[in-house]
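# Fold and geometry: a report
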Amino acid sequence: TSTATSNAVTVTVTTAVTPSVSIAANNTTVCSGTAVNFTATPTNGGTTPTYQWKKNGVNITGATSSTYTLTTPANGDVITVVMTSNATCASTTTATSNAVTVTVTTAVTPSVSIAANNTTVCSGTAVNFTATPTNGGTTPTYQWKKNGVNITGATSATYTLTSPANGDAITVIMTSNAGCASTPTATSNAVTVAVTTAVSPSVSIAANNTTVCSGTAVNFTATPTNGGTTPTYQWKKNGVNITGATAATYTLTSPANGDAITVVMTSNASCVSTTTATSNAVTITVNPNVAYYADA
């Protein structure tokens, strides 16, 4: 035959593709010394894309896989990756990822201090303690201790020691939930409580003379015990308050026979069992004056 027809060849035209790559980190805000892991996700990377990771725009030696670990991040480090695609009909062979910036927080040291509303109290007086945290985080927790032993249920920022004993030493352990704490717990200073035993005020009085002649004044002096720094007095004659007689001494200017003098002292001493005390009574004997006649 003079003619022949060949086989048919069909042409397939593939549209060009654009390679791209995105990266993500397992964490972008970390504590000092904490590693950050990065993962690259390619689009149109072909069957075997290759990678070059960069830190702050500079190639990282040996960082050529689809993942990268930044072992010692510095605050503000910027990580990117350049992917080289081997996809067919790629419009360009390389693509640069988004940038991920790492924030590094410096480690903080938790601490806690405590203070009491009073450290010297009377027997039976409660003492209130307050903890002040530093770098405790948003919700620090507490464990109060008395003389080194945990106090059951004492886990808030305040604590009341209802029945202190002399020499009780109070501390607290705070557990911080602050980010990047160098240690999770901190122990406070110790506050030692001094407990003063209650004292009983008393007062005694004495006269310069208890037997006098009519018209002779008698001086009285009060001697206080546990009266405090500024005790006050109220003198009485025959059980009745003497107006204006409020000093530690009193002069009975015109005694009558049988006058009984007492004083009530009000103490301002700390830890007194009662604030007032009544003295002993001093009774005055007044002898009438006698006339003296000389012999003629």
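Look a little higher up for the structure.
Now for a look at the structure at hand. Note on numbering: residues in each chain are counted from 1, in written sequence order. Local features are withheld for residues below a pLDDT of 70 in this predicted model, meaning they are given only at 70 or higher, and side-chain atom pairs are given and counted only at 80 or more; totals for whole chains, interfaces and linings count all residues. With hydrogens and water set aside, each side-chain value is computed from the structure's full complement of heavy atoms.

## Let's talk about the packing of aromatic side chains
Centre distance within 6.5 Å is the pairing criterion for rings of Phe, Tyr and Trp, where only the six-membered ring of Trp is used; planes under 30 degrees apart are then read as stacked, over 60 as edge-to-face, and the remainder as tilted. Within the structure shown, the criterion is met by nine aromatic pairs. On the basis of an interplanar angle of 50° and a centroid distance of 6.3 Å, the ring pair of F129 and W144 is categorised as tilted. Taken together, the positions of F129 in strand 13 (residues 127-134) and W144 in strand 14 (residues 141-146) put the pair 15 residues apart, joining distant regions of the chain. Taken individually, F129 and W144 each receive the classification buried, so the pair is uniform in this respect. The rings of F38, W53 and Y68 are connected pair by pair, giving a single aromatic cluster. Secondary structure is summarised from DSSP: a helix means a run of H or I of at least four residues, a strand means a run of E of at least two, and numbering begins at the N terminus for each. Here's how the labels work: a residue is buried when its accessible area is under 20% of the maximum for its type, exposed when over 50%, partly exposed in between, all with a 1.4 Å probe on protein chains only.

## What about the sheet that holds strand 11 (residues 111-116)?
Paired strands, in this sense, are two strands between which DSSP finds at least two bridges. Spatially, three strands are ordered 11-13-16 in an open sheet, and the strand pairing comes out antiparallel. Each having just a single partner strand, strand 11 and strand 16 (158-161) make up the two edges of the open sheet. When strand polarity is set aside, the average angle formed by the axes of neighbouring strands in this sheet is 20°. Note: strand 11 against strand 13, six bridges, orientation antiparallel. Each bridged residue has a counterpart across the sheet, and for A115 the counterpart in strand 13 is T130. Angular values range over 0 to 180 degrees, each being the angle between N-to-C directions of two axes fitted as lines to C-alpha atoms, with helices fitted over their stretch in contact.

## Some points on the state of the cysteines
A pair of cysteine sulfur atoms is labelled a disulfide when the two atoms are within 2.5 Å. In the structure shown here, the tally under the stated rule is two disulfides. C31 shares a disulfide with C180; S-S distance 2.0 Å. Taking the sign of the S-S torsion, about -95° here, the bridge from C31 to C180 comes out left-handed. Linking C31 in strand 2 (residues 29-31) with C180 in the loop between strand 17 (169-175) and strand 18 (185-187), this pair joins segments that are 149 residues apart in sequence. On the accessibility criterion, C31 (26% relative accessible area) is partly exposed.

## Points about the sheet that holds strand 21 (residues 202-207)
Ordered in space as 21-23-26, the three strands form an open sheet in which the pairing is antiparallel. Each edge of the open sheet carries a strand with a single partner, namely strand 21 and strand 26 (249-252). Averaged over all pairs of adjacent strands, the angle between strand axes in this sheet comes to 25°, irrespective of strand direction.

## Section: the environment of T41
Position of T41 among the secondary structure elements: in strand 3 (residues 36-43). Contacts are assigned to residue pairs with any non-hydrogen atoms lying within 4.5 Å of each other. In this structure, T41 is in contact with S20, V21 and S22, ignoring residues within four places of it in sequence.

## Overview of the side chain of S188
Take S188: it is sitting in the loop between strand 18 and strand 19 (191-192). A residue is classified by how much of its surface remains accessible, and S188, at 10% relative accessible area, is buried. Those residues in contact with S188 that lie beyond four places of it in its chain are V112, S113, I114, T171 and V172.

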